[in-house]
Amino acid sequence: EKGGWASFMAKEVAEQPEAVANTIRGRVQDGEVVIPELDGLDDLFVGINRVIITACGTASYAALVGKYAIEQWARVATDVELAHEFRYRDPVIGDDTLVISISQSGETMDTLMAVKYARERGARTLSICNTQGATIPRESDAVVYTHAGPEVAVASTKAFSAQITALLLLGLHMGRVRSVLTDTAAVAELASLPEKIASVLEKENDHVTQLANWMADTRSVLFLGRHVGYPIALEGALKLKEISYIHAEGFAAGELKHGPIALIEPGQPVFVIVPSPRHSALIHSKVVSNIQEIRARGARVIVVAEEGDAAVLPFADEVIHIPLAGAMFEPVLAVVPLQIFAMALATAKGLDVDQPRNLAKSVTVE
Ligand code: BG6
């Protein structure tokens, strides 16, 4: 079933253009996002004043990207809650709250219990799921399926990019239904996303694999990102922990000076996800200053930046490029080299990337 691939993970990383294209298919009509499964369900999105996205693991990082997209496009306050924290306090939710759950398997017990709890409290529920007919969608008022296809490797890759894609679609759908969407360029961008992912795979696979081979003895890697690059920093670190068993931490770049900078010593590898200066010169300049600060302390800086971003070049030891894309679309592109890096590093260490120790693909106990 692996075809010619060395692992399911390698196959699934390579399948991302298709996974994302399949998730978008049939959901754009006449320049607008219209999700057929949500037909007649506008009430889920109108008259709410709060969205909570709940999930575990990788899905919770997709959720964080969704927070930015839903707030920007649908103008409704959105928070992300780890499913296992959510119901073990007394959250303030009710019928003005939409609780969106995200689960590749649709069977994660922590997430399922959070959805049930939300329903009992009167919240509206919508699930984003990759498995047709799974338990979580059955327990929800509505479901938007990702069409990533079966994911076998324990570490999630194509399901993650499909989850972000589904959240972007949902944000645009909600923005239209709530009559607040002004960003028409975003809808047009959806169509080019698969080919941009394919271009990252093609242009950066060998480069990043070689980088990982050089770094096979590394004992700790840090990841920094800002705005939607922040969840990608978290995901990059998680991939590395999961399959390479290396200590890795993701931080919001702005948090650096409040603590993590103490970790920087000569030779410390740090990946920095740099947002495009075209979206916000201010955010970009802040991240470039972070790069200068860690570089001054001897960090080995590996930058993931948009093609043509010359400002990062003087301070980067390595530059990994992603194509130009709208701000909300960058996460799906920036995560790809981080997946390749984790996979190549685990392979260089002789580890089984598909079946990492101590982990299960789907955790059906609380
Ligand atoms: C974990 C898996 O236990 O569950 C992760 O090992 C996954 O890869 C997480 O991100 C959530 O799973 P699901 O199926 O709910 O998306």
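See the structure printed just above.
Values in this document were obtained by computation on a predicted structure and should not be read as measured data.

Topic: the overall build of the protein
Each helix and strand in the protein was counted, giving 12 helices and 12 strands. Counting all 366 residues of the protein, 58% fall into the buried class. Put simply, of all contacts in the protein between residues at least 6 apart along the chain, 75% involve residues at least 24 apart. Summed over its atoms, the accessible surface of the protein is roughly 14300 Å², and 50% of this surface lies on carbon and sulfur atoms. For the protein, the distance from the average position of its 32 positive side-chain charges to the average position of its 45 negative side-chain charges is 3 Å.

Some thoughts on the side chain of Asp 309
Secondary-structure assignment places Asp 309 in the loop between β11 (300-306) and β12 (318-322). Separated by 2.7 Å, the side chains of Asp 309 and His 284 make a polar contact. Setting aside residues no more than four positions away along its own chain, Asp 309 makes contact with Val 274, Pro 277 and His 284.

Quick word on the pattern of salt bridges
Applying the stated criterion across every chain yields a total of 15 salt bridges. One salt bridge in this structure joins Arg 119 and Asp 141, with 3.5 Å as the shortest N-O distance. Taken together, the residues Arg 119 in helix α5 (residues 109-120) and Asp 141 in the loop between α6 (135-138) and β7 (142-145) connect sequence positions 22 residues apart. Under the relative-accessibility criterion, Arg 119 is labelled partly exposed at 36%. One continuous salt-bridge network, built from bridges that share partners, spans Lys 11, Glu 15 and Lys 158.

Brief notes about the sheet that holds β7
The five strands are arranged β4-β3-β5-β6-β7 in an open sheet whose pairing can be described as parallel. With one partner strand each, in any of the chains shown, β4 (78-82) and β7 form the two edges of the open sheet. Averaged over all neighbouring strand pairs, the angle between strand axes comes to 20 degrees, with direction disregarded. As defined by bridge partners, strand β3 (residues 50-55) adjoins strand β5 (residues 97-103) across five bridges and the pair is classed as parallel. When the bridges of β5 are listed, Ile 53 appears paired with Ile 100. With respect to the sheet, α5 is in contact with β3, β5 and β6 (124-129), its orientation differing from that of β5 by roughly 165 degrees. Sitting on the sheet, helix α7 (residues 158-177) is in contact with β3, β5, β6 and β7, with an inclination near 160 degrees to β5.

Let's talk about the packing of aromatic side chains
Counted according to the given criterion, the structure contains four aromatic pairs. Taking the centre distance of 6.4 Å and the plane angle of 50 degrees together, the rings of Trp 73 and Phe 329 count as tilted. Of this pair, Trp 73 sits in helix α3 (residues 58-74) while Phe 329 sits in the loop between β12 and α12 (330-348); the two residues are 256 residues apart in sequence, bridging distant segments of the chain. Taken individually, Trp 73 and Phe 329 each receive the classification buried, so the pair is uniform in this respect. A ring pair is formed by Phe 86 and Tyr 117, whose centres lie 5.9 Å apart and whose planes are at 80 degrees; its orientation type is edge-to-face. Note that Phe 86 is positioned in helix α4 (residues 83-86) and Tyr 117 in helix α5, a separation of 31 residues in sequence. Judged by relative accessible area, which is 0%, Phe 86 ranks as buried. Through pairs of rings, three or more aromatic residues link up here, namely Phe 223, Phe 271 and Phe 341. Positioned over the ring face of Tyr 245 is Arg 357, at 3.9 Å from the centre of the ring.

Some words on the site of the ligand
Taken together, 13 residues are adjacent to the ligand, and Ser 103, Gln 104, Ser 105, Thr 108 and Ala 360 come closest. Here an oxygen atom of the ligand and a side-chain polar atom of Thr 108 are 2.5 Å apart. The backbone of Ala 360 places a nitrogen or oxygen atom 2.9 Å from an oxygen atom of the ligand. In the complex, 90% of the free accessible area of the ligand, which totals 390 Å², lies under the protein chains. Among the residues forming the shell around the ligand, the class breakdown is five nonpolar, six polar and two charged.

A look at the packing of helix α2 (residues 16-24) against α7
Look at α2 against α7: their axes get within 9 Å of each other, and the N-to-C directions meet at 30 degrees. The angle between α2 and α7 falls in the class roughly parallel. Crossing hand, α2 versus α7: right-handed. The residues of α7 that touch α2, namely those facing Gln 16, Ala 19, Val 20, Thr 23 and Ile 24, are Lys 158, Ser 161, Ala 162, Thr 165, Ala 166 and Leu 169.

Focus on unusual backbone geometry
Backbone geometry places Ser 179, a non-glycine residue, at a positive phi of 60 degrees. When you line up the elements, Ser 179 lands in the loop between α7 and α8 (184-190). Since its relative accessible area comes to 65%, Ser 179 is described here as exposed. Of note, Tyr 245 is a non-glycine position whose phi angle comes to about 55 degrees, a positive value. With respect to the secondary-structure elements, Tyr 245 resides in the loop between α10 (229-244) and β9 (247-252). Classification of Tyr 245 by relative accessible area gives partly exposed; the value is 25%.

Calculation rules
- Residues numbered from 1 in each chain as written.
- Predicted model: local features only at pLDDT ≥ 70, side-chain atom pairs only at ≥ 80, totals over all residues.
- Heavy atoms only, no water.
- Helix = DSSP H or I, 4+ residues; strand = E, 2+ residues; numbered from the N terminus.
- Buried < 20%, exposed > 50% of the residue type's maximum accessible area, 1.4 Å probe, protein only.
- Contact = heavy atoms within 4.5 Å.
- Areas by Shrake-Rupley, 256 points an atom, 1.4 Å probe, with all protein chains shown as cover.
- Lys, Arg positive; Asp, Glu negative; His and termini not counted.
- Charge placed at Lys NZ, Arg CZ, Asp CG, Glu CD.
- Polar contact = N/O pair within 3.5 Å; in protein donor to acceptor, adjacent residues only side chain to side chain.
- Salt bridge = Lys/Arg side-chain N within 4 Å of Asp/Glu carboxyl O.
- Pairing = 2+ DSSP bridges.
- Axes fitted to C-alpha atoms, helices over the stretch in contact; angles between N-to-C directions.
- Phe/Tyr/Trp six-rings, centres within 6.5 Å; stacked < 30°, edge-to-face > 60°.
- Lys NZ or Arg CZ within 6 Å of the ring centre and 35° of its normal.
- Near = heavy atom within 4 Å.
- Nonpolar A, V, L, I, M, F, W, Y, C, P; charged D, E, K, R; others polar.
- Parallel < 35°, antiparallel > 145°, perpendicular 65-115°, else oblique.
- Left-handed = near helix turned anticlockwise from the far one by under 90°.

Take it as geometry only, folks, not as evidence of what the structure does.
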